[in-house]
Structures are given as structure tokens and as C-alpha cells.
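Here is what each chain is made of, one letter per residue.
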Amino acid sequence: MKRVLSTFLRLLLTVTLPCALLACGGPSPVEEATANNVLLLGNGAEPKALDPHLVSSVGDSNILLSLFEGLCAFHPSDDNMSIPGAAESWESNEDYTVWTFHLRKNGRWSNGDPVTAHDFVYAYERILTPAMGSPYSSMLYFLKNGAKFNQEEIDSFDEVGVKALDDYTLECTLEQPTAFFPELTKHTTYYPVHRATIEKFGSMTDQFTKWQRPGNHVSNGAFKLKSWWINHSVVVEPNPYYWDKDTVTLKEIHFIPMTEFTEERAFRAEQLHYTYAMPSNLIPWYGEHYPDLVRREPYYGSYFYRYNTTKPPLDNLKLRQALAYAIDRNAIIDNVTLGNQTPAGGFTPPTPGGYQPPTPYSFDPEKARQLLQEAGYADGGEVPEFEILMNTHESHRAIAEAIQDMWRKHLGLTNVSIANQEWKVFQSTIIEMKYDVGRAGWIGDYMDPTTFLDMWRTDDSNNNTGWSNPDYDRYLKEAALEPTPEARLAKLHAAEEILMAELPVLPIYWYTRNYLIHPDVQNWNPLLLDHHNYKFIHLKAAPPHPFFKR
């Protein structure tokens, strides 16, 4: 613990003091950490929770990926592959509606208890129980009657399509054919939880109890929780009972909440191995001068704004469409984000496997002004005041200010304000729909367009727009029953055409991943989903790099 404290005190000093004050000639925190197999990761915002049933953000999921393991696990270099996790094998029936998973008998929780099929049944009941209030419960709507139980249309969980056939055999019966179901089980929402620990500190559905604290937390992944200091760090260490512990080489991982500018300064001073993000204005500079330190990779995600369609003035479809046509997405990418993103004329990114989304929205100020008049406004000055709400982040503000300026310039809107909230508060505000226009980003949970389209189903827990359309819901349901991949994608395309016509969301761009990574980090491979299986990551001291000056 003294060594950990020393490392982080040095980290905090480096962020706040000139680097010259630290030029003492000793090893940098990264050099010291590499020598001790300690991985130092920037991780964006402070985590909301360390409970897989309470989180929905990428940063929170990064931590949970180290602590827990689903039935299947992430391959270190191929997003399309599922490798054995808690289950050592699995198979389906002929039409992919029933999946059977065979759990390994040497699977252990971090307290030494065996991991069994009953743990997964308990976890699935917990996340789907309405009293749990899970923000991501809809991920388990793939299970037969999962949605009905979560929405209180049925009372008995026995009717939901999951059962333990014995201690080490789990059977999942689905609502519809789903050939990619093993991929879903890698997601945080499908992770097991330890019943005895949950109920030691409260009932099954009590939120934010003491079970999440160090010393109480029990998990089944390659690592276990060592410490959690609010707004400082989450530290994990190897789980001594993990079934594949011999593969794990890291002695600790430190997940450190930081803003992107602070991360970059910490990386520059060799305080971090990796930055969760980086300032957009520095991406070209690093690309030109130190291309070996910066990664610019495709990322299966969409950056967009939600509209609250239940309150004026954004309940007006023509106004929503006018706002979409008044945005110059290329200008945002070329002058603000600077990360080689792709302008999004539609919502779902093009998907490996052949899906090409409808992309009706391009920059067309004349059409935008025409739609504004059709919305009932002679000019932008007549549009009632509304607000763009974002979570606190420098790049989000820069994008919001650019869009605010475009709406002012091309539509004459003078009553658009910008507000920001800390991440946890922001999430609650969006869920409670106390916003007008809300900043959003969605990263695919698996490699299929339904990971983007399912969230706009009626009453999906991630919808949060007030929008629904029965034809949209029907197309998604029919798509799963189509006999060929081509017919299935055509139905998904038809659904997205409805989404784009009624526009509860405002597409802006499709993501890329831009981040800094130290040469000491090994086996950190480009991944479209950016889900890194930490048991495969290792550290090796690289030759001194000219960028790091001490």
C-alpha cells in the first residue's frame, strides 16, 4: 500500500506542478510501475458503481471487465470471436432459440466459492427485477419473457427463459432466433453476481450498498477489487482463485478518473501508460511528431444528441429535422474533433457483415430554413428557448458550441443555451428526461446493427427520448425471423428509415478511438468495440523514448 500511495502522490504532483520540479533523476512512475507489473490507465469520469447491474458507461465497463467474467469472454485481437469464460463450451438448437452453456468446474469467485449456473440465474433475475432499476435491463430482453418480467406484465421469474439444469449447466431460451447470443454474454449486464455477498449487505435489489466496497466486493474475473478512492483511483489485483490465473501477468491495474487535458499532461510526464481520451487539438501534433505514441483506430460507435420529444419545442418533428440539416458535420470533424471521424448522416455505423444504414441528413442550410418555416416559425428568433445538456468534458463543450453557432448562423436561433453536469448527475437527468437536447454516445455492445437499433424500441431502458413507433418495433421483431442475412438486414434498414424520418436523435459523427499509449504496454490490440481482456495485457520495459524528458 505504501508503494501505491507513493505512486499516486507523485501522479498528483506531476499534474499540478511544473515538470521541472520533479526532475529528481529517479525513475518515473511509469518506469516504476512497469518494473512492478502495475498498469496505470486513465479512465475518464469517476465510476458510478462497481455493480454490473447499475452501470451503462464505457468507463465503468472498463473496470468491470477486469473484475467479472461472463459465460463467454473477449478475444484479445478479434471482436468477432468469443472465447471460453465462465463457460468452457456452449451449443444451440437448430434455430438459435435455445442456448446451453457448460460451466467449468474450476471456476471460482474471488472468495474461493465455486461459480455455478445458479449464480447466473440469480444475476439475471436481479437485473430484470423492476425494483432494481437497472439502466441496462433491456439487454436481457433477448431472454424469453425477459421484457414482460421487467415491465411487470408477468410476476414469476420462473417464466423467464433461463434455468440451471444442474450446478454447471445453464439453459437460455430466447424470444427469437439469435445466432450472436454468445457475444451478448460477454457484456457487463450478463455477468454473474455473488448472492451471499449481495444479500449480506441488503436485499437483492438494494442499490449502492456496502458490497461494492473494498474488502466486501466479490467477483469472478481475472482481478479483484483492492481499493477505491472516490475521484482518485480504482485499483484491482489478481484474483488468486481465477481459473486461468497463470495467464495473468499484471500485479495491479489502476483506473484513474481524469479529464482529457489532465490525462495528456500526466502521459507527457510519464505518469500514465494509457489515456482514455486526448485533447482533439493535439491529435494532429502527435500524429506528425510521435505517431508511435498515438493510436487512431476505427470504433464501432455513434456520437449524437437525444431530443426530448415529449416537451416543446422539440416535440415538433419539422424543427428537429431543420436542426439536423443545419449542422455542417464535416466542419465539426475538420475543425473541432480532428480525429478522422466520419460524418453521420444516419444513426447506425456501417457494420462488418454488410449493413449500410440510411443516411438522409447532410448539410443543407436552405432545406433547414424551409423546414423551420414548415415547423411554424418565420425565423429562428421565434423558436422558444431550449438547452443543450452535456456531461462535463472539454470536447463535448467544443462540439456543442460549434453546433450552437451553426444553428444561430443558418437558422437564426438565438435562444439555445448550453449546460453541463457531472457524469453521475447527467446520467440521472437524461434517464428522468429533464432535458431538451442531450449529448449522447453509443458504442456497440456486440458486432451487429441491433446493438444500435434495439435501444429505440418502445420502453427500452436506454431510449430516454419519449419516442416510440409500432412499425419500428415490428420491423425489428420481424428481422429476427428472416431466413437469410440479406432479408434480415433489409428489415433492419427499413426500421432505421423510420427512425431517421421521425428523428428522436440527431446523428453527428461515427466514432474513432484516439488515445495515447506507452511503448511499455504489450498486446493492446486495435478493437472495433475497444473491449480489452486485461488478462492478456502485459508490460515490458521499452528503450527510452525521446518524447519523455526527465
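As a starting point, this report considers the structure included with it. (Residues numbered from 1 in each chain as written. Predicted model: local features only at pLDDT ≥ 70, side-chain atom pairs only at ≥ 80, totals over all residues. Heavy atoms only, no water.)

Concerning the pattern of salt bridges
Inference 1: Tallied over the full model, the rule gives 19 salt bridges.
Inference 2: Taking the shortest distance from any N to any O, the salt bridge between K226 and E252 comes out at 2.6 Å. With K226 in strand β8 (residues 223–229) and E252 in strand β10 (residues 252–256), this residue pair connects regions lying 26 residues apart in the sequence.
Inference 3: In this structure K226 comes out as partly exposed when scored by relative accessible area, which is 26%.
Inference 4: Overall, the relative accessible area of 4% leaves E252 in the buried class. (Salt bridge = Lys/Arg side-chain N within 4 Å of Asp/Glu carboxyl O. Helix = DSSP H or I, 4+ residues; strand = E, 2+ residues; numbered from the N terminus. Buried < 20%, exposed > 50% of the residue type's maximum accessible area, 1.4 Å probe, protein only.)

A closer look at helix α4 (residues 117–128)
Inference 1: Across its 12 residues, α4 extends 17 Å between first and last C-alpha, which sits within 8% of the 16 Å expected from 1.5 Å per residue.
Inference 2: By the criterion of burial, α4 is predominantly enclosed, with 10 of the 12 residues buried.
Inference 3: Listed as buried for α4 are A117, D119, F120, V121, Y122, A123, Y124, R126, I127 and L128.
Inference 4: The secondary structure elements touched by the buried residues of α4 are β5 (98–103), α5 (146–150), β6 (162–166), β7 (169–173) and α7 (195–200). (Expected span 1.5 Å × (residues − 1). Contact = heavy atoms within 4.5 Å.)

Topic: the packing of aromatic side chains
Inference 1: By the definition in use, this model includes 37 aromatic pairs.
Inference 2: Ring centres of F149 and F157 lie 5.3 Å apart, and the angle between their planes is 70 degrees; on these two criteria the pair is classed as edge-to-face.
Inference 3: Overall, F149 belongs to the buried group, its relative accessible area being 7%.
Inference 4: By the ring-pair criterion, three or more aromatic residues cluster together here, those being W90, F101, F120, Y124, F181 and Y190.
Inference 5: Of note, R474 hangs over the ring of Y475, and the distance from its end group to the ring centre comes to 4.8 Å.
Inference 6: The positively charged end of R513 is found above the aromatic ring belonging to Y299, 5.6 Å away from the centroid. (Phe/Tyr/Trp six-rings, centres within 6.5 Å; stacked < 30°, edge-to-face > 60°. Lys NZ or Arg CZ within 6 Å of the ring centre and 35° of its normal.)

A look at the sheet that holds β8
Inference 1: The strand order β1-β10-β9-β8 describes an open sheet built from 4 strands, whose pairing is mixed. In this open sheet, the two edge strands, each paired with only one partner strand, are β1 (38–42) and β8. Strand-to-strand twist of the sheet, defined as the mean angle between neighbouring strand axes without regard to direction, takes the value 20 degrees.
Inference 2: Summarising the sheet, β8 and strand β9 (residues 233–238) pair through 6 bridges and their orientation is antiparallel. Along β9, the bridge assignment pairs K224 with E237. (Pairing = 2+ DSSP bridges. Axes fitted to C-alpha atoms, helices over the stretch in contact; angles between N-to-C directions.)

Describing the side chain of T450
Inference 1: Positionally, T450 belongs in helix α15 (residues 450–453).
Inference 2: With residues up to four places along the chain from it excluded, the contact list for T450 reads F180, R488 and L492.

Concerning the pairing of strand β11 (residues 294–307)
Inference 1: The buried fraction of β11 amounts to 11 of the 14 residues, a majority that puts the element mostly inside the structure.
Inference 2: Two strands pair when backbone bridges link them, and β11 and strand β16 (residues 505–516) are joined in this way by 10 bridges, in the antiparallel orientation. Bridge assignment links V294 to a residue of β16, and that residue is L516.
Inference 3: Where β11 and strand β15 (residues 437–443) come together, 7 bridges link them in antiparallel fashion. What sits directly across from G301, in β15, is I443.

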